[in-house]
Amino acid sequence: MSNKRQRILPGFHLTLGICLTYLTLLVFIPLSTIFIRSSGLGWESFWRAITSPQVIASYKVTFGISFLASLTNAFFGFIAAWVLSRYRFPGHGFFDSIVDLPFALPTAVAGISLTALYSQNGWIGQFLYPLGIKSAYSLIGIYIALTFVGFPFVVRTLQPVIEGLDREIEEAGASLGASRWKVFWKIVFPSLLPALFTGYALAFARAIGEYGSVIFISGNMPMRTEITPLVIVKFLENYQYQQATAVACVMLVISFLILLIINALQHWSVLIGQAKN
Amino acid sequence: MKYIFCFISLIVFSPSLNAIELLNVSYDPTREFYLEYNQAFSKYWKEKTGEEVIIKQSHGGSGRQARAVIDGLDADVVTLALAADIDAIAQAGLLPVNWQSRLPMNSSPYRSTIAFLVRKGNPKGIHDWGDLIKPGIQVITPNPKTSGVARWNFLAAWGWALKNYGEDDKKALDFVKKLYRNVPVLDSGARGATTTFQERKIGDVLINWENELLLAIKQFPDEYEIIIPSLSILAEPVVALVDKNVDRKGTRSVAQAYLEYLFSDEGQRIAAKHFYRSSNPEILAEFKTRYPEIKTFTIDEVFGGWSNATKKFFDEGAIFDQIYLN
């Protein structure tokens, strides 16, 4: 008879094995080749590749606009998720499924249609341009595209959490004399905050890596409206694989750090919520 | 990517096991030309040898196609926009470095040049390169870092400026700086630039291959006209056999014939029909209403070949990058 201790849940070793193999093949090996390929470059040229003025300018555009776009999505995505999960109205199902469209649409199609809408003679652009808002071939254009692709992430992470909220706590708060605003701010919002961070992180990660939709609407002007993924493609087009992977490394590291911070914030918000309860 | 290609070719080829199959890896604007040329060649080859030959085409950006072949796309022949792209394949060891001397006319069966497309009636009065730097003119050309044709555009402008300003590099740099200051959008590829100009109605002049412009005129004769500048660059798209692949697949003789037939009268006429300038002067003369005479220079004459031009203008930190630094 074997003395091996049995876990209460069966299948731990099998599922862990599958999980690790899958992660290794799908994520770890591809990502580590990026570091290996760029390592042939030598420290000096690696540094030159990742700090040339155009590349630096592109980091600012990519990370700055991604930050703003996912912040916008966090705000409006919250409202959309709230409306879709708390209220029932005609066309509810239609609007609910339309949220997923940016997931499903090929990004190039999204880019081309956004450009058609927001350029100077487009349906929406024709009204924005006279107001001095250059809504295509500008930073604003990049912002529009990144907001578009990130929107579903916030809505879809918040929706199940809002639906799962315990209404009795809200009712208890109300019966104890708290105003509606206070109930929302003190009870509802803190319990949604972790999910909001997750949604924000997903939207942000998606925005950083987005290429297909942005290049159509950004105008791609060096030093002004170039995103980092385009810089990588430019290196590839010149057969400079190592420089391309060097910049990819930088993106990877910065994205990883940012996601780490967001995860820490999320963790912190969970702790705060628990402490309050 | 190559697996997708393999998969597609598996499906396509399975019913025709007896036929010889060739894969021609080419760049974007040659699609319609090779569709017709492939039929003509299959017929010719059948009559000559009795063998069935089926030619598959693959199209995309020239540089991307070259990288796909280097990474294992099974091309028998490559027919690309720049000699530099085939040089890159040669450096990867798939064909000898002297490939360009193996076929007539420097392995360049058909030519094109860089010209302008303006809106009907030429409202801004654009007649030559010098007009492109006037204040208020919007010029549409893609990004030379990501687009092959954009490099030709850039070099054509530089070459004209050299001639016009007494071979002075400084003045040429000044000229292209002013030119790119008039470019509101740098699309990543030639098609994107065409869309910006035609669909978004942005810009007064589009710089592009003559063959692409002729196609635009054919589609929209009432909207645009072509302007031929006083001097431009002679673009010589090149073709080559990929030795490693044809030897492995046993398709050398038919692939060689496929390329040689491009230089035949029939091959040249089909190219001329599809908006390319023939490299045969007699055939070119047959189509002279479509192809007005133009003074051109070659990359070798003015820039000492592609690798020199790339180093000087398009590498990281080279002249094109400097245009945008200050």
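Residues numbered from 1 in each chain as written. Chains lettered and ligands numbered in written order. Predicted model: local features only at pLDDT ≥ 70, side-chain atom pairs only at ≥ 80, totals over all residues. Heavy atoms only, no water.

**Q** Tell me about the overall build of chain B, and please be specific about residues and values.
**A** If you tally the helices and strands in chain B, you get 16 helices and eleven strands. In terms of overall dimensions, chain B is globule-like: its C-alpha atoms have a radius of gyration of 20 Å, near the 20 Å expected for 326 residues. The dimensions of chain B, computed from C-alpha atoms along their principal axes, are 65 × 40 × 35 Å. Looking at the 326 residues of chain B, the share that counts as buried comes to 56%. For chain B, the proportion of contacts with a sequence separation of at least 24, taken over those separated by at least 6, is 74%. Counting 38 positive and 40 negative side-chain charges, chain B places the centres of these two groups 3 Å from one another. (Helix = DSSP H or I, 4+ residues; strand = E, 2+ residues; numbered from the N terminus. Rg over C-alpha atoms; globule rule 2.2 N^0.38 Å. Buried < 20%, exposed > 50% of the residue type's maximum accessible area, 1.4 Å probe, protein only. Contact = heavy atoms within 4.5 Å. Lys, Arg positive; Asp, Glu negative; His and termini not counted. Charge placed at Lys NZ, Arg CZ, Asp CG, Glu CD.)

**Q** I'd love a proper account of the environment of arginine 191 of chain B, names of residues and values included.
**A** By secondary structure assignment, the location of arginine 191 of chain B is in helix H8 (residues 190-198). When the C-alpha atoms of arginine 191 of chain B and alanine 92 of chain B are compared, they prove to be 29 Å apart, with 99 residues separating the residues in sequence.

**Q** Please provide a residue-by-residue account of the nonpolar core, values included.
**A** Among soluble globular proteins, nonpolar side chains are generally buried collectively. Residues and elements named next belong to chain B. Grouped together as the largest cluster of nonpolar side chains are 93 residues, with contacts concentrated most on Phe41, Val78, Trp129, Phe154, Leu155 and Tyr180. Broken down by element, the residue count for this core peaks at ten residues, all from helix H6 (residues 148-164). Residues in contact with tyrosine 180, not counting those within four places in the same chain, are Thr141, Pro144, Ala150, Phe154, Leu186, Phe320, Ile323 and Tyr324. (Core = buried A, V, L, I, M, F, W, Y, C linked by side-chain atoms within 4.5 Å.)

**Q** Give me the packing of helix H3 (residues 53-86) of chain A against helix H10 (residues 180-209) of chain A: which residues, what numbers.
**A** All names here are of chain A. Running from N to C, H3 and H10 cross one another at 140°; their axes reach a closest spacing of 9 Å. Considering the angle they form, H3 stands oblique to H10. For H3 against H10, the interelement crossing comes out right-handed. Residues Thr62, Phe63, Ser66, Phe67, Ser70, Leu71, Ala74, Phe78 and Trp82 of H3 pack against Phe184, Val188, Phe189, Leu192, Leu196, Tyr200, Ala203, Phe204, Ala207 and Ile208 of H10. For the contact of H3 with H10, the per-class residue count stands at 16 nonpolar, three polar and no charged. (Axes fitted to C-alpha atoms, helices over the stretch in contact; angles between N-to-C directions. Parallel < 35°, antiparallel > 145°, perpendicular 65-115°, else oblique. Left-handed = near helix turned anticlockwise from the far one by under 90°. Nonpolar A, V, L, I, M, F, W, Y, C, P; charged D, E, K, R; others polar.)

**Q** Explain the interface of chain A and chain B to me, and be specific about the residues and the numbers.
**A** Contact residues are listed per partner, giving 26 residues for chain A and 26 residues for chain B. Summed over both sides, the interface of chain A with chain B buries roughly 2300 Å², with 52% coming from carbon and sulfur. Interface area lost by chain A to chain B is led by Tyr137, Glu237 and Tyr239 of chain A, which between them contribute 26%. On the surface where chain A and chain B come into contact, there are two salt bridges. For arginine 64 of chain B, the salt bridge goes to glutamate 237 of chain A, with nearest N and O atoms at 3.7 Å. Remark: the boundary between chain A and chain B carries seven residue pairs in polar contact (both at pLDDT 80 or more). (Buried area = accessible area lost by both parts, 1.4 Å probe. Salt bridge = Lys/Arg side-chain N within 4 Å of Asp/Glu carboxyl O. Polar contact = N/O pair within 3.5 Å; in protein donor to acceptor, adjacent residues only side chain to side chain.)

**Q** Hey, could you go over the domain arrangement of chain B for me, with residue numbers and the actual values?
**A** Size of an interface: often given as the accessible area lost when the parts come together. Residue and element names in this part refer to chain B. You can read the domains of chain B as domain 1 (2-109 + 237-286) and domain 2 (111-234 + 295-323). The C-alpha centroid of domain 2 is placed 28 Å from the C-alpha centroid of domain 1. Tallying the contact residues gives 14 residues for domain 1 and twelve residues for domain 2. Together, the buried faces of domain 1 and domain 2 total about 1300 Å²; carbon and sulfur atoms form 63% of this surface. It is Leu82, Phe275 and Arg277 that lose the most area in domain 1 upon contact with domain 2, and together they represent 49% of the buried surface on that side. Inspection of the domain 1/domain 2 interface yields one salt bridge. Put simply, arginine 277 and glutamate 210 hold a salt bridge, and the shortest N to O gap is 2.7 Å. Across the contact surface, domain 1 and domain 2 share four residue pairs in polar contact (both at pLDDT 80 or more). Grouping the constituent residues of the side of domain 1 that touches domain 2 by class yields ten nonpolar, three polar and one charged. (Domains from an automatic or database assignment.)

**Q** Could you give me a rundown of the packing of aromatic side chains, with the residues and numbers involved?
**A** Residues and elements named next belong to chain B. Per the counting criterion, the structure on display carries 51 aromatic pairs over all chains. Centroid distance phenylalanine 154 to phenylalanine 320: 6.0 Å. Interplanar angle 75°. Geometry classified as edge-to-face. Taken together, the residues phenylalanine 154 in helix H6 and phenylalanine 320 in helix H16 (residues 319-323) connect sequence positions 166 residues apart. Grouping aromatic residues by their ring pairs yields a cluster made of Phe33, Tyr34, Tyr37, Phe41, Tyr44, Trp45, Tyr110, Tyr258, Tyr261 and Tyr276. Across the ring face of phenylalanine 197, the terminal group of arginine 119 is positioned such that the distance to the ring centre comes to 3.9 Å. (Phe/Tyr/Trp six-rings, centres within 6.5 Å; stacked < 30°, edge-to-face > 60°. Lys NZ or Arg CZ within 6 Å of the ring centre and 35° of its normal.)

**Q** Break down helix H12 (residues 228-237) of chain A for me, with residues and values.
**A** Residue and element names in this part refer to chain A. Of all the ten residues making up H12, nine are buried; the element is thus mostly covered by neighbouring parts of the structure. Among the residues making up H12, those that are buried are Thr228, Pro229, Leu230, Val231, Ile232, Val233, Lys234, Phe235 and Glu237. Where H12 ends, the next residue or the one after it, tyrosine 239, has phi of about 60°, a positive value.

**Q** Talk me through unusual backbone geometry; I want residue IDs and the actual numbers.
**A** Residue and element names in this part refer to chain B. Of note, asparagine 122 is a non-glycine position whose phi angle comes to about 45°, a positive value. As for its position among the elements, asparagine 122 is in the loop between strand S4 (110-119) and strand S5 (139-140). In the Ramachandran plot, glutamate 167 falls in the positive-phi region, its phi being about 55° despite a non-glycine side chain. Its place among the elements puts glutamate 167 in the loop between H6 and helix H7 (169-181).

**Q** Explain a nonpolar patch on the surface to me, and be specific about the residues and the numbers.
**A** Residue and element names in this part refer to chain A. A contiguous nonpolar patch, built from Phe12, Leu16, Leu20, Tyr22, Leu23, Leu25, Leu26, Val27, Phe28, Ile29 and Leu31 and spanning about 1000 Å² of accessible area, is present on the exposed surface. Along the chain, isoleucine 29 falls in helix H1 (residues 12-39). Note on isoleucine 29: relative accessible area 40%, which makes it partly exposed. (Patch = residues over 30% accessible without salt bridge, like charges linked within 9 Å, V, L, I, M, F, W, Y side chains within 5 Å. Areas by Shrake-Rupley, 256 points an atom, 1.4 Å probe, with all protein chains shown as cover.)

**Q** Got a sec to walk through the sheet that holds strand S3 (residues 77-80) of chain B? Specific residues and values, please.
**A** All names here are of chain B. One open sheet accounts for four strands, arranged S2-S1-S3-S9; its pairing is mixed. A single partner strand is all that each edge strand has here, and the edge strands are strand S2 (53-58) and strand S9 (238-241). Geometrically, the sheet is characterised by an average inter-axis angle of 20° between neighbouring strands, direction not taken into account. As judged from the four bridges shared by S3 and S9, these two strands associate in the antiparallel manner. By the bridge assignment, leucine 80 is partnered in S9 with valine 238. Most of the contacts of helix H3 (residues 62-70) go to S3, to which it runs at about 160°, and overall it touches strand S1 (20-26), S2 and S3. In the packing of helix H4 (residues 83-91) onto the sheet, the strands contacted are S3 and S9, and the crossing angle to S3 comes to about 150°. (Pairing = 2+ DSSP bridges.)

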